[in-house]
Amino acid sequence: MTTLGRVAVYLVFALAAYAAVGAVVAGLRRDRRVMRSVRNAFAAAFVSALVAIAALEYGLVTNDYSLSVVFEHTSRNLPLVYKMTSLWASQEGSLLLWLTVLTGAAGIVMYQNRHRNRELVPWVAAVLGGIAVFFAGLAAFVSSPFAHVPGAVPADGSGLDPSLQNPYMAAHPPMLYLGYVSMAVPFAFAMAALITRRTDARWLVSVRRWTLVSWTALGIGMLLGAHWAYVEIGWGGYWAWDPVESAALMPWLAATAFLHSVMVQEKKGMLKVWNMVLVIAAFSLCIFGDFLTRSGVVQSVHSFVQSAVGPWLLGFLAVVLAASISLLIVRLPTLRADHKLESVVSREATFLFNNLLLLALAFAVLWGVVFPILSEAARGVRATVATPYYDFFLVIFGLPLLALTGIGPLIAWRRASPGSLWRTFRWPVISGLAGGAFLALLGLGSSPAGLTALSLCVFVTVTIGMEFARGTAARRAIAGGSWPRALRDLVNRNRRRYGGYVVHLAIVLLVVGVTASSAYSSVDEANLGVGQSMRIDGYTLRNTGLFQRRGPNYRLEYVRLQVYKGGKPDGILEPGLRQYDTGQVGNEVDIRSSLLTGTDLYSILQAPDRNGSGVSVKVLVNPAVGLVWLAGVVFALGALITIWPDPREARQLARRYGELLARSEA
Amino acid sequence: MSPRPRLVVALVVGSLLAVFLAYQALFNSGTLLVSVAQLRSDADGAAQKRVTLTGTVVRASRTSDPMRFVLRDESSAQTVAVSYRGSVPDAFKTSRRVIVTGRLENGVFVAQPDSLLTKCPSKYSSGGS
Amino acid sequence: MSTAALVVAVAVLVTGAVLFVAWPLASPDAGPPEQVLSDRDRRVLELRERRDEAYQGLHDLEQELHTGKITPADYELERGRLRAEAAAALRALDGLSEPDPLR
């Protein structure tokens, strides 16, 4: 079976190479037959990648310890589902996952465009093929998932790290990979547009949904990872500014910028060069993120061992950047703007400022990740960058960004009338100030940044509410009908705008949750013998006993804490520690979430009672942290509304590109 | 772009850059990441200031309070004793590579609470992808 | 997996892929070459985009007036500009739609 898998990987490489070369031939000679053959090659490559995955899964599930990957990441007593998800626990296996998603995406792109974009498609295929060749080459020749264990076949495996034995392992990595890999499609289209000098808005149309898919997947992937860290790793927080977390954040920020500036290009024909730069940046950051994770060059709790793949990825990144930037420079004359920016008080300008802030934040994060490497190269000793650095820039760039989220929708294109500005912003500004004053009275002024953030959230929420209200009223004035129906029609006719507003609401929820749970949280530690209690923030917790329990591959020791709020019993927390049979220790935190306020009472058993002085317990109160997870749900909903196909949009496109492209689209 | 908007955009870019550089100059000295050998040899003043230390655990006693363990350098045989209070990651055990922040005081590395992290050699120590 | 089964599986996989990829190449009818936009077509496309940008701008302008983001005076001003842009694009398109002598 492993031989079949190895053959399948070589086959993917061969098919990708054929596809890349064939696509160039099809593009230069405008040959339809070769193009059909290339399309088939991608489909065959995807099937082949699936076969390789099946072969590796077979090895994982049947405990084939002759394979390094199986030996290093599973053991006989590992539950079946975790044996299966350990496919992407290893560097090599996750490379295979990457390859499968890439060939799958390429196949879908080829299928979607079998009757359109005929001029662009060969070059899209060439770029995607080239990327596939690289990753297939890595899997086939540099870092094979089917490598053998040297020497005799061991009797049992090393086991999977306990922190990976949970359902998040099934969701978080594949979601992130979907995000990273699908960013190759917008990049490929951008390159194809430059190569063919078809820098009209056609490539944007094809690219928008793929960018949305990638952006949504990265966003959900990051939130899944955050939730995993929160409930499983258990230090009380959900984001540690680990380089690998930043690796997903940076392309997400670039993609967010792109999704906004695309609108400016579509409406005003501006920012054409800028959009190209953003797509190149987003894809490059995805590759860079992959490099960070696989190369071991940064200290991270996520990274794989320093493997041979690192230098290759860096080389690939260099080639991607050099080629795409050169191409962009050569094609600069084709990217002239139709209009220019005329007023600072215009929606174009707010989108531009939004972009600048997003990129400034991405750059600050990038610097934080890269600085340790640079300082080591320069001084011999590595300097680290800690949370305060990131928090500073998050606040200083994030708060204006939050303000713009409220300002942008209310400002007209080209030039807002200065006279109408106050009338437009009157209620949101007053609400924001009033909200801020109210929160300050509640004592939230202890954190100025926090108070500002929350006031801005009120401001933004009111502007979004106003947009929905006014839009629905206008719709009702035109078409009559009930309010709910008008609202539904409104959203249906303007999916991008109102889906976008829903996403903005998600961001507001996220900001409230993050602000409340970081700026206004409490934490305390204590050594508690049985019967002793500790107090935190209005709660009292009393140690009512130590217990033990046996699981499939571990022994659990936990302490039962009776919670009291205002003197009355309010539930039980049972934080514990798992001692796995392999010797590792796992942290099992216990969290009580309040549905009403989203506040969590979070308990950690830091050390068991060894010498009679009691167990070491750490408790945190995280206000409103539930909003962070709710934000994820709202985000997905908003993204879905925005991605949803719009027949009206399709008709509009047909009218514009009309019979012209029927020739090149037949 | 018309002249006035262009000026405003340039000012915005300029101030973003200025904020960034100002922060770097004023606040970000960056905590050094040193190995045991570098700590012992006082490379770049490591023995004098707060640093993040990395090494392999050779001996650990979880039961004492504060927790004590000994870290050995990755390439040489030099060791240093560490005194630590706070949360201990799942993957902590002897022969693991760890990272901990603190300062060297009287020959013992006194760690900042909750600053202990582990690195698993050939697999994740936490998290996905 | 027995050697025989392995050989069969590999053979099926590789042969299947090769056949699937080669099949379109073997078809006798090459078909016409892919159409590519001529320079004139590109110019038409560019003008259509400008036309649509102007139309979309007018549509957005109506909404902005209804939701109070611009004053009626500014609305008139901007509407005039956008209509002029649309007209210019339409005129240029008309100019181009003389039958192309090369076709």
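Residues numbered from 1 in each chain as written. Chains lettered and ligands numbered in written order. Predicted model: local features only at pLDDT ≥ 70, side-chain atom pairs only at ≥ 80, totals over all residues.

What to know about the overall build of chain B
- Within chain B, the secondary structure is distributed over two helices and seven strands.
- Listing every helix and strand of chain B by position from the N terminus yields α-β-α-β-β-β-β-β-β.
- By residue count, 33% of the 129 residues in chain B fall in the buried class.
- A fraction of 43% describes how many contacts in chain B between residues 6 or more apart in sequence connect residues 24 or more apart. (Helix = DSSP H or I, 4+ residues; strand = E, 2+ residues; numbered from the N terminus. Buried ≥ 20, exposed ≤ 12 C-beta atoms within 10 Å, placed from the backbone. Contact = placed C-beta atoms within 7 Å.)

Some thoughts on the overall build of chain C
- Secondary structure summary: chain C contains three helices and zero strands in total.
- Counting helices and strands in the order they occur from the N terminus, chain C gives α-α-α.
- A compact globule built from 103 residues should have a C-alpha radius of gyration of about 13 Å, whereas chain C, at 28 Å, is more than 25% larger.
- Across the 103 residues that make up chain C, the buried fraction comes to 18%.
- Residue pairs at least 24 apart in sequence account for 73% of intrachain contacts in chain C once pairs closer than 6 positions are excluded. (Rg over C-alpha atoms; globule rule 2.2 N^0.38 Å.)

Observations regarding the interface of chain A and chain B
- Listed per partner, the contact involves 59 residues of chain A and 41 residues of chain B.
- The set of elements that each furnish at least two residues to the side of chain A that touches chain B consists of α3 (68-73), α7 (168-182), α9 (202-233), α13 (347-379), β1 (382-384), α14 (387-407), β8 (585-588) and β10 (600-607) of chain A.
- Looking at which element gives the most residues to the side of chain A that touches chain B, the answer is α13 of chain A, with ten residues.
- Looking at the side of chain A that touches chain B residue by residue, the class counts come to 34 nonpolar, 17 polar and eight charged.
- Examined bridge by bridge, β1 of chain A and strand β1 (residues 31-35) of chain B share three bridges and lie antiparallel to one another. Paired with Thr-384 of chain A across the bridge in β1 of chain B is Thr-31 of chain B. (Nonpolar A, V, L, I, M, F, W, Y, C, P; charged D, E, K, R; others polar. Pairing = 2+ DSSP bridges.)

A word on unusual backbone geometry
All names here are of chain A.
- Backbone geometry places Asn-63, a non-glycine residue, at a positive phi of 55°.
- For Asn-63, a count of 17 C-beta atoms within 10 Å puts it in the partly exposed group.
- We note that Arg-197 has phi near 60°; this positive angle belongs to a residue other than glycine.
- Its place among the elements puts Arg-197 in the loop between α8 (184-195) and α9.
- Arg-197 gets classed as partly exposed once you count the C-beta atoms within 10 Å, which come to 16.

Quick word on the interface of chain C and chain A
- Contact residues are listed per partner, giving 41 residues for chain C and 45 residues for chain A.
- No other element matches the 14 residues that helix α2 (residues 39-66) of chain C contributes to the side of chain C that touches chain A.
- Across the side of chain C that touches chain A, the residue classes break down as 19 nonpolar, nine polar and 13 charged.

Some details on the packing of helix α15 (residues 418-441) of chain A against helix α16 (residues 448-479) of chain A
Residues and elements named next belong to chain A.
- It is at 8 Å that the axes of α15 and α16 come closest, and there the two elements cross at 145°. Crossing handedness for the pair α15 and α16: right-handed. Listed contacts from α16 to Trp-427, Pro-428, Val-429, Ser-431, Gly-432, Gly-435, Gly-436, Leu-439 and Ala-440 of α15 are Leu-451, Leu-454, Ser-455, Leu-456, Val-458, Phe-459, Val-462, Thr-463 and Met-466.
- Residue composition of the contact of α15 with α16, by class: twelve nonpolar, six polar and no charged. (Axes fitted to C-alpha atoms, helices over the stretch in contact; angles between N-to-C directions. Left-handed = near helix turned anticlockwise from the far one by under 90°.)

A word on the confidence of the model for chain C
All names here are of chain C.
- Summary statistics for chain C give a mean pLDDT of 84 and a share of 93% for residues scoring 70 or more.
- Ranking the elements of chain C by mean pLDDT puts α2 last, at 86, and helix α1 (residues 3-26) first, at 91.
- The complex prediction reports pTM at 0.90, with the ipTM value standing at 0.88. (pLDDT = per-residue confidence, 0-100.)

Looking at helix α19 (residues 626-643) of chain A
Residues and elements named next belong to chain A.
- Taking 1.5 Å of rise per residue, the 18 residues of α19 would be expected to cover 26 Å, and the 26 Å separating its terminal C-alpha atoms lies within 8% of that figure.
- Residues of α19 that are buried: Gly-626, Leu-627, Val-628, Ala-631, Gly-632, Phe-635, Gly-638, Ala-639, Ile-641 and Thr-642.
- Buried positions along α19 lie against α9, α17 (483-493), α18 (495-519), β9 (590-593) and β10. (Expected span 1.5 Å × (residues − 1).)

Observations regarding α17 of chain A
Residues and elements named next belong to chain A.
- Three or more residues of α17 are buried, namely Ala-486, Leu-490 and Val-491. Projection of α17 onto a plane perpendicular to its axis shows the buried side chains occupying an angular sector of 130°, all on one side.
- Contacts from the buried residues of α17 go to α16, α18 and α19. (Arc of directions from axis to C-beta.)

A look at the sheet that holds β9 of chain A
Residue and element names in this part refer to chain A.
- In space, the four strands of this open sheet follow the order β2-β11-β10-β9, with antiparallel pairing throughout. Lying at the two open borders of the sheet, with one neighbouring strand each, are β2 (522-528) and β9. Averaged over neighbouring strand pairs, the angle between their axes works out to 15° when direction is ignored.
- Relative to strand β11 (residues 615-622), β10 is paired through seven bridges, and the arrangement is antiparallel. For Leu-601, the partnering residue across the bridge sits in β11 and is Val-621.

Considerations on the environment of Ser-75 of chain B
All names here are of chain B.
- Looking at the secondary structure, you find Ser-75 in the loop between β3 (67-72) and β4 (79-84).
- Classification of Ser-75 by C-beta neighbours within 10 Å gives exposed; the count is 9.
- Sequence separation between Ser-75 and Val-19 is 56 residues; the distance between their C-alpha atoms is 41 Å.

Here's the deal with the environment of Ala-18 of chain B
- For Ala-18 of chain B, the location among the structural elements is in helix α1 (residues 3-26).
- Along the sequence, Ala-18 of chain B and Ser-115 of chain B sit 97 residues apart, while their C-alpha atoms lie 32 Å from each other.

Some thoughts on the pairing of β9 of chain A
All names here are of chain A.
- By the bridge criterion, four bridges tie β9 to β10 in an arrangement that is antiparallel. Residue pairing across strands places Ile-591 opposite Tyr-602, the latter belonging to β10.
- Hairpin connection from β9 to β10: six residues lie between these consecutive antiparallel strands, with Gly-598 at a positive phi of about 70°.

Re the pairing of strand β6 (residues 108-111) of chain B
Residue and element names in this part refer to chain B.
- Residues Phe-109 and Ala-111 line the buried face of β6, whereas the alternating positions Val-108 and Val-110 sit on a face that is not buried.
- Relative to β6, β4 runs parallel, the two sharing three bridges. Bridging from a neighbouring strand, Val-82 pairs with Phe-109 of β6.
- Across four bridges, strand β5 (residues 97-105) lies against β6 in antiparallel orientation. Note that in β6 the partner of Gly-102 across the bridge is Ala-111.

Some remarks on the packing of α2 of chain C against helix α3 (residues 72-96) of chain C
All names here are of chain C.
- At their nearest, the axes of α2 and α3 sit 9 Å apart, and the two run at 160° to each other. One way to sum up the angle between α2 and α3 is to call them roughly antiparallel. Note that α2 runs across α3; the crossing there is left-handed.
- Here the contact of α2 with α3 is built from residues that sort into 16 nonpolar, one polar and eight charged. (Parallel < 35°, antiparallel > 145°, perpendicular 65-115°, else oblique.)

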